[in-house]
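As a plain string of letters, each chain reads:
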Amino acid sequence: MPTIHAVYPAFRLRSYVIYSNFAKRDDYKMTQEYLTQEESKQVVRQVKTLLAYLRDDITVKDINAVNRIIKEAVTSGFLSRDKYGVNPTLRNLNTAVLLSENIAPDRNMTIAILLYGLCRKEFISIASMEKEFGDDVAKLVRGLIKVSQLYVKQAAVEDDNFHKLLLTFAEDIRVILIMIVDRLGMMRIIANHPNQKFVRDISMESRYLYAPLAHRLGLYSIKSELEDLSLKYLNRKVYRQITLKLKETKDERDAYVANFIKPIRKALDESGLKYEIKGRTKSINSIWNKMKNKDVDLNGMYDLFAIRIILDSDKTSEKKDCWVAYSVVTDIYTANVSRLKDWISIPKSNGYESLHITVKGPHDKWVEVQIRTKRMDEIAEHGLAAHWKYKGIKSEENLDQWMNNVREVLEAGSKGPMQLIRDMNMNLYEEEVFVFTPKGDLFKLPMGATILDFAFHIHSKVGCSCIGGKVDGKNQKINYKLKSGDTVEILTSSTQIPRQDWLKIVVTSKARNKIKQAVNEARVKRADNAKEMLQRRFKNRKIELEEANLMRLIKKMGYKVVTDFYVDLDEGKIDITSVLEQYVALTEKQSEHAVHETAENFVLQQTQAVESQSDDILVIDNNVKGINYKLSRCCNPIFGDKIIGFVASDGAVKIHRTDCGNARHLLEKYPYRIIRTQWSGKLGQQFAATLKVVGQDDIGIVANITSVINKEGDTILRNISINSSGGLFEGFLVVGVSSISRLDELIKKIKTLKGVKDVQRSTH
């Protein structure tokens, strides 16, 4: 098939009328509404320019096919202006021309640009595109359609995750290039658009999305123009002020640059180096950013000027020649050593090479000088792997590597770089997925994340009550694995509770930790409910519950963890009646082995009090002195508790609290061995009391508890033991206190600490 280049002399005239013919013929009634007279002229000019660029690549058959499809769409009324009045055909032609001017002429990209909108609206199928123009054009069209669908999500383009999702969706770097160039074309034509909100939205997207993307891909002229136009539309006053100031000083700046370069040029000529020198003023947006960041006016900017020395050197002598040029410049002008940037000795990770120095020129004005070779300049100015991280854009290792690959391809290809990069892998974020909420918020999750992971990512309460989700409007289970671009709505239920098997569904650590915590909290709650139920059943049967005997029974039943026993009891795995019967049998068996004696056999032993107990704190019987007594460890009575005395078989008196389970048992079975006992009212003795504390397993909570205890002047922390599981802790603290009132005050203070759920006096 002959190319346009082969038939160009005969085809030149035809190129003027390919689009304009159908705009003037009477049988295309819709055309006059679609194209104004001025737009028809623009179409003719752009077609001529485009065909001149593509003459070596595109065929007459291609042009005829594109022309036919567009005419059919227009005349059928299918193709019309968008809601903002923009003509899509003219817009696409402008994009195709800009692509050829700024990047590279490319047949496949051009056809995809001109027709993808019609495929998106299903006027023509992608299968038909593939048959007519080839699979590569179809691939580009699919990528453009897929990326355009992201805007339906209404996500915030300034979100860095949106940049990553865009690169993931595009699949082909050429799709991103088309989008960037298309946005530049849009920015050029909306200067006088009546819809200011539309202009502002387009400008904001250009600033936060397209300019950084252009920067990453080394498209500096496009990046600068997008930023300048964004500033123009978003802050017209500032843009106008800087523009006027630059115009006023243009002759002065040009003269200054010429004067600055003159001695450098003379010295370089004498050195024998082959070179060219370019002088420039920084972009308007760059000037404005520096004015804001440094809080100076235009006259106070020391690096408003930039000079570039480009050497024509062999690759073997590049570094040496650059340093020779550096020596030439710094011999003439004083350099600011602190601002030297040497990317010659150690190039940037993306391949950028250059020497940047700042020197003090005439009239003490600072000027930035960049020194590089033609090869370096070509890569930096036109290569897709230019220094996209310059000015603070974040680095990502995998994107760095990918950009290096692009650079190598561009260096290797002397002709047609688009042909070489079309098959490069664009799946830069293969370990991540990016999903939307129905409101357009964008979130990043690891690959393999499920709806349940996303629910916990939003909020723990949402995760705990999640029963599934709607993905792009379709109901899905909690184990559905998310894909980039999914719009996910979480479905919840107030009756849902986390389960142990959820841990097999999630992949994020946040979800796993929250599930474990929720499951453990639920277990503790079920155990507490079962414990209360068991106590009620004991009370109803009028059976005295002794904690020690119950612990022995639980151990005898094969449980190593008490919580497991109560959870099984709550779930009905253990019959509560059976537990009661076993408990009664166990206590009766112990009673059979007890030695029954009459009251006459129990004689109080008149001996010294033991273990630092002073008899002046107790009044036993009728103030009997010198009685050997002990404070029972089963209930640890404290000064102020209601107490009784029990005469043990050895004649000593054991002091119990009246609410002690063992005391009630003794009262029923051995009332004749009970002796009246009360506190004498004399303080000073310290008593051991055990506190059970339950709370959240947060950092520092134990330190806070011990701090409260230590601040109590007459209270001592004797022992502490902590068990932690699933985000909760259970601690037993043994404290020395002087009275029950002091203990009550301490309990109240500990309860006020953040993270503490419950504090009780324990008999453990």
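Anything mentioned here points back to the structure above.
Residues numbered from 1 in each chain as written. Predicted model: local features only at pLDDT ≥ 70, side-chain atom pairs only at ≥ 80, totals over all residues. Heavy atoms only, no water.

Another aspect to go through is the packing of aromatic side chains. Aromatic ring pairs are described here by two measures, namely the spacing of the ring centres and the angle between the planes. Throughout the structure, instances matching the rule amount to nine aromatic pairs. With a centroid separation of 3.9 Å and 20° between ring planes, the pair formed by Tyr84 and Phe198 is classed as stacked. With Tyr84 in the loop between α5 (60-75) and α6 (88-102) and Phe198 in helix α12 (residues 196-216), this residue pair connects regions lying 114 residues apart in the sequence. One aromatic cluster is present, formed by Tyr559, Phe565 and Tyr566 through successive ring pairs. Between the NZ or CZ atom of Lys365 and the centre of the ring of Tyr256, over which it lies, the distance is 5.3 Å. (Phe/Tyr/Trp six-rings, centres within 6.5 Å; stacked < 30°, edge-to-face > 60°. Helix = DSSP H or I, 4+ residues; strand = E, 2+ residues; numbered from the N terminus. Lys NZ or Arg CZ within 6 Å of the ring centre and 35° of its normal.)

Let us now look at the pattern of salt bridges. Summed over the entire model, instances satisfying the criterion amount to 25 salt bridges. For Asp182, the salt bridge is made with Arg91, and the minimal N-O distance between the two is 2.7 Å. Remark: Arg91 occurs in helix α6 and Asp182 occurs in helix α11 (residues 173-189); sequence separation between them is 91 residues. Overall, Arg91 belongs to the partly exposed group, its relative accessible area being 25%. Residue Arg372 pairs with Asp377 through a salt bridge whose shortest N-O separation is 2.9 Å. Judged by relative accessible area, Arg372 falls into the buried class, the value being 2%. (Salt bridge = Lys/Arg side-chain N within 4 Å of Asp/Glu carboxyl O. Buried < 20%, exposed > 50% of the residue type's maximum accessible area, 1.4 Å probe, protein only.)

Let us look at the nonpolar core. Counting residues in hydrophobic clusters, the biggest one holds 66 residues, and the most contacted among them are Leu115, Met129, Phe133, Ile180, Ile190, Ile222 and Leu226. Not counting the four nearest positions on each side in its chain, Ile222 is found in contact with Asn102, Ile180, Val181, Leu184 and Ala214. With 31 residues, the next largest nonpolar core counts Leu618, Ile638, Val708 and Val735 among its residues. (Core = buried A, V, L, I, M, F, W, Y, C linked by side-chain atoms within 4.5 Å. Contact = heavy atoms within 4.5 Å.)

With that settled, consider helix α9 (residues 135-148). With 14 residues, α9 extends 20 Å from end C-alpha to end C-alpha; this agrees with the ideal 20 Å at 1.5 Å per step. Of all 14 residues in α9, ten are buried; the element is thus mostly enclosed. Among the residues making up α9, those that are buried are Asp136, Val137, Ala138, Leu140, Val141, Gly143, Leu144, Ile145, Val147 and Ser148. (Expected span 1.5 Å × (residues − 1).)

The phi torsion at Asp364 lies on the positive side, around 60°, for a residue other than glycine. Along the chain, Asp364 turns up in the loop between β5 (355-360) and β6 (366-373). The phi torsion at Asp472 lies on the positive side, around 50°, for a residue other than glycine. Tracing the backbone through its elements, the reader meets Asp472 in the loop between β9 (466-471) and β10 (474-476). With a relative accessible area of 46%, Asp472 lands in the partly exposed category.

In short, geometric facts, not functional conclusions.
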